[in-house]
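Examining the three-dimensional arrangement
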Amino acid sequence: MPAVTLPEYLEFLGFPKGNNPFASINARDERDVLEGYFVPPPYYATVWGNPSKPASCIILGPTGGGKTALAITIDERARSLQSLEDGRLPVLPIFYDDFSGLGIKQNQHDIETHFRALNFLLVVHILKTLSSESMPHLRLSSSERRILQHCYAHYVGGRAPSEVFEAIQKIRTPWEQTRDVGKRVVEALPLIKLIAGVLELANEKLETASAIAKTIIEIKTHTQDLAANPEVDFHRLMQLASSFYEAVYILVDRVDETTWTQRDPKATYDLIHPLVSNLALLDYPDRTFGFKFFLWDRINQYYSEKARPDRIFTNTLEWSHQQLIEMVQKRIQAFSQGKLTRLGDLFSEELPLPDGMSVEEIVAVFAGATPRSMLTLCKHILEQQVLLSSQGNLPLSKLSGEALIRGIRIYAREVSERLVDSETALREMTSIKRVTFSSKSLHSDVFRSQQAQSVITKVGNWKKYGVSVVIGNLISGRRGFPTEVHAFSNSCVAFLAANLPLNDFIEKKVRRCPECHVVLLRDFDAGGEFQCQACLQGFSLPRSVTPEQERRQTLIKHAARELAKEIADPNEIKALSTAANLDFPDTTFQGKVGLIWLRVLQSLHESDEQDLVEFLETIDGVLDVEARNRLPTMTELYLNLSS
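First, a word on scope: everything that follows refers to the structure included in this document. (Residues numbered from 1 in each chain as written. Predicted model: local features only at pLDDT ≥ 70, side-chain atom pairs only at ≥ 80, totals over all residues. Heavy atoms only, no water.)

With that settled, consider the nonpolar core. A general feature of soluble globular proteins is that nonpolar side chains tend to end up buried together. Ranked by internal contacts, the top residues of the largest apolar core, which has 92 residues, are Phe366, Phe488 and Phe505. Sorting elements by how many residues they give to this core places helix 16 (residues 371-391) first, with eight residues. Beyond its immediate stretch of four places on either side in the chain, Phe488 contacts Met429, Ile432, Arg434, Val435, Phe437, Val467, Ser468, Val493, Ala494, Ala497 and Leu521. (Core = buried A, V, L, I, M, F, W, Y, C linked by side-chain atoms within 4.5 Å. Buried < 20%, exposed > 50% of the residue type's maximum accessible area, 1.4 Å probe, protein only. Helix = DSSP H or I, 4+ residues; strand = E, 2+ residues; numbered from the N terminus. Contact = heavy atoms within 4.5 Å.)

Put into C-alpha cells, the structure is as follows:
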C-alpha cells in the first residue's frame with residue numbers, strides 16, 4: 001500500500017478530518033478548543049479573584065507548563081461575562097506580552113517605559129470600547145475626553161494609523177460581537193474616522209503623517225494643563241476605564257520569550273522587576289485594576305531575593321501525572337468529537353505493558369511535569385507509528401509497542417541532549433548502566449582506568465546539569481569518610497543511563513512513593529532501603545544480593561588491599577595474570593596498585609569464579625610462607641570460593 005500520511009492515519013484512529021490532538025504545543029493556537037481540555041489548577045478561583053476588589057497575583061511555572069493557557073482562560077472568561085446592572089462589564093482583560101513591539105528594549109525597561117507601554121494599550125482598548133456599536137449608552141464627559149486626547153497624543157499619536165489599526169485588530173474587548181475586529185475595520189480610513197469620532201476631531205486631521213504630527217502638537221497644546229508623568233496618566237486611564245468596566249485585568253505573559261530573555265532567568269526577571277516588585281502599584285489603594293503575572297519559574301530565586309512574595313499571592317503551576325493524563329484525555333475527546341476517550345484507545349490491545357502500568361502512566365513518567373512535554377512525547381509516538389506503517393508497507397493498525405518504544409527513546413535522547421549540553425558528559429552519564437551511583441562505585445565499576453579524583457570531579461560536574469539529586473551518603477573506608485550517593489532525577493536521562501529495554505526499566509528502576517506518589521528513580525532491582533526525597537517517607541525492598549555475596553565482595557576488597565602491600569609492581573601483577581592465562585586490557589594495570597588489584601579480582605569474580613580460584617592459586621604459588629601469612633583475607637577468599 002502507498003505511504004500513509006499523518007492526517008490519513010489520524011482519521012483512521014478516529015479523529016475527524018485528521019485533527020491532531022498533539023500537533024500544537026502553544027495555547028494561543030488553540031483558543032477555539034482550549035476550554036474543552038483545560039485543567040484548572042486548584043487555586044484558579046484566586047487567580048480570577050473578585051472584580052469588585054481586584055488583586056494582583058503571580059503564577060510561576062516551567063516552560064510549557066500551561067501559563068499562557070491559564071492566562072487565556074482568564075481572558076476568555078472576562079469577555080464572556082454579562083453586563084452589570086449599571087451597564088458596565090465586570091472585567092476588561094488586557095494582554096501585556098509583546099514587549100519588543102511596545103518599545104521595551106534590553107537596556108530600556110524601567111518603570112516609566114513599562115507605564116508608557118501600558119498606557120498605549122489602555123488608550124487603544126478604551127478607543128475600541130468607545131467605538132463599539134453595541135454600546136450606544138457610552139458617553140465621555142468633556143474632562144474625560146480631554147484626558148483621552150492627552151493620552152492619545154502622548155502614547156499613541158506618534159504612530160501611523162496603520163500601526164494603531166494593527167494594535168486594535170489584535171484585541172477583542174468584551175463588547176465585541178464578532179471574533180475579528182478586522183471584519184468591521186478593514187483599512188486606515190475607517191480607523192481614522194473611528195479615532196476622530198471618539199476624540200472629536202475632524203477626519204482630515206489624521207489622514208496624513210504631516211496632519212497627524214500637526215494634530216498631536218495641537219492636542220498637546222490644548223491639554224498642556226494635564227501634563228504629567230506616565231504613572232499619573234496610567235491611573236487617569238484606569239479611572240477612565242472604570243466608567244465602562246468594574247475592573248481591568250492586565251495579563252502579563254511571555255516575559256521569557258523576547259530575543260534577550262530566552263533561556264536567561266536573570267534577564268527575564270530584570271525585564272519584569274520594575275512591575276513585579278512595585279508594591280505601591282500592585283497594592284494601590286482603592287484600585288480598579290489587578291496585574292496577573294504568568295512567569296517562568298526559574299526567576300523565582302531573583303524574585304524571592306529582590307521582591308516581596310509575602311505581600312502578593314504567589315503560586316507555582318505544578319502538574320501531577322494524573323492531571324497530565326486528564327489533560328491528554330480531554331484533548332483526545334475534544335479533537336475526536338467524543339469518539340475516543342483516552343490515550344489507551346489509540347493503542348493496540350496486544351500492547352505488552354509492565355504489571356499495573358497503563359500506557360498513560362508510562363508516557364507521564366517520561367514526559368516530566370508539563371503539558372507541552374506530554375504532547376511532544378505523544379507526537380513522537382504517533383509519528384513513529386506512521387513511519388513504521390509506511391516503511392513496512394503494512395496495513396493500518398493502532399499504535400504499537402514498537403512505536404511507543406521508539407517514540408520514548410527519541411524523546412529521551414532529545415530531552416537529555418537539551419538538559420546536558422556537553423556531548424562528553426552525556427556520553428559518560430549514559431554509559432554507567434545504573435540509575436543510582438556514587439563517585440566511589442563509578443570509580444571501581446565503570447571508570448576503572450581513571451584516577452579517583454578525576455571521577456570525583458566528573459560526578460561533581462554532572463550536578464550543574466540538574467538531572468540528578470543527592471539521596472544520601474555512603475560511609476566507607478577505614479576513616480569513615482562519607483561519599484555522596486546520587487540518583488538521576490530525570491526519567492529520560494535515567495532511561496538512557498540504565499540502558500535497559502523499556503519494560504525492564506519500568507519494572508526495575510521506577511517506583512511511586514507509597515506516601516506521596518511521586519515517581520522515584522533508583523536501582524530498585526538491587527533491593528534495600530529507600531527514601532522519597534519529596535516527603536522523606538522510607539520503604540524497603542528485598543535485596544537481590546545475598547548476605548553471602550556481600551561477604552564475598554568484602555573479602556575481595558580486603559584481599560586487594562593486602563595484595564597491594566605484598567605485590568606493589570603493576571608489571572608483576574600483569575605477569576601473574578599472563579601466567580594464569582588471563583587476558584586483561586593494558587588500562588587494567590594503570591593507576592594506584594590497590595585499584596589495579598581490585599579491578600582484576602572483581603573482573604574475575606564477575607566473569608568466572610573458577611578463573612579467580614585459579615588466579616589465587618597462581619599467586620599462592622609464587623609466595624613464600626611468610627608472605628602467605630601476611631595475606632589471611634586472600635586465603636579466606638580462596639576457601640570461600642572453593643566451598
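This paragraph deals with helix 22 (residues 502-509). Since the α-helix packs 3.6 residues into each turn, any two residues three or four apart lie on the same face. Listing the buried residues of helix 22 in full gives Leu502, Phe505, Ile506 and Lys509. The buried residues of helix 22 occupy one face: seen down the axis, they fall within an arc of 110 degrees. Taken together, the buried residues of helix 22 touch helix 15 (359-367), helix 17 (401-419), helix 21 (491-498), strand 9 (510-512) and strand 10 (519-521). (Arc of directions from axis to C-beta.)

On to the pattern of salt bridges. Taken as a whole and assessed by the stated rule, the structure comprises 23 salt bridges. A salt bridge links Glu402 to Arg406, with the shortest nitrogen-to-oxygen separation between them at 3.1 Å. Residue Glu402 and its partner Arg406 are located together in helix 17, separated by four residues, close to a single helical turn. Among the salt bridges present, the one from Arg630 reaches Glu566, with a minimum N-O distance of 2.7 Å. With Arg630 in the loop between helix 27 (625-629) and helix 28 (632-642) and Glu566 in helix 23 (residues 547-566), this residue pair connects regions lying 64 residues apart in the sequence. Classification of Arg630 by relative accessible area gives partly exposed; the value is 47%. Overall, the relative accessible area of 26% leaves Glu566 in the partly exposed class. A cluster of three or more residues bridged by salt bridges with shared partners is formed by Asp75, Glu76 and Arg79. (Salt bridge = Lys/Arg side-chain N within 4 Å of Asp/Glu carboxyl O.)

Another point: helix 4 (residues 67-80). For helix 4, which comprises 14 residues, the first-to-last C-alpha distance of 20 Å matches the rise-based estimate of 20 Å (1.5 Å per residue) to within 8%. Most of helix 4 sits inside the fold, with eleven of its 14 residues counted as buried. Within the span of helix 4, buried status applies to Lys67, Thr68, Ala69, Leu70, Ala71, Ile72, Thr73, Ile74, Asp75, Ala78 and Arg79. Packed against the buried residues of helix 4 are helix 2 (31-37), helix 3 (44-48), strand 1 (57-61), strand 2 (89-96), strand 3 (245-252) and strand 4 (289-296). (Expected span 1.5 Å × (residues − 1).)

We now examine the sheet that holds strand 5 (residues 313-316). Pairing is parallel across the open sheet formed by five strands, whose spatial order is 2-3-4-1-5. Each of the sheet's edge strands pairs with one partner strand only, and the pair in question is strand 2 and strand 5. Neighbour to neighbour, the strand axes of the sheet diverge by 15 degrees on average, direction disregarded. Pairing of strand 2 with strand 3, which is carried by seven bridges, proceeds in the parallel orientation. Within strand 3, the position partnered with Pro93 by the bridge is Tyr249. Set on the sheet, helix 5 (residues 111-130) makes contact with strand 2, strand 3 and strand 4; between it and strand 2 the angle comes to about 135 degrees. Docked against the sheet, helix 10 (residues 230-241) engages strand 3 and strand 4, running at close to 130 degrees with respect to strand 3. (Pairing = 2+ DSSP bridges. Axes fitted to C-alpha atoms, helices over the stretch in contact; angles between N-to-C directions.)

Let us look at a positive patch on the surface. Positive charge collects at one region of the surface, where Lys440, Lys557, Arg561 and Lys565 lie side by side. Looking at which element gives the most residues to the positive patch, the answer is helix 23, with three residues. You can see Arg561 is positioned in helix 23. (Patch = residues over 30% accessible without salt bridge, like charges linked within 9 Å, V, L, I, M, F, W, Y side chains within 5 Å. Areas by Shrake-Rupley, 256 points an atom, 1.4 Å probe, with all protein chains shown as cover. Lys, Arg positive; Asp, Glu negative; His and termini not counted. Charge placed at Lys NZ, Arg CZ, Asp CG, Glu CD.)

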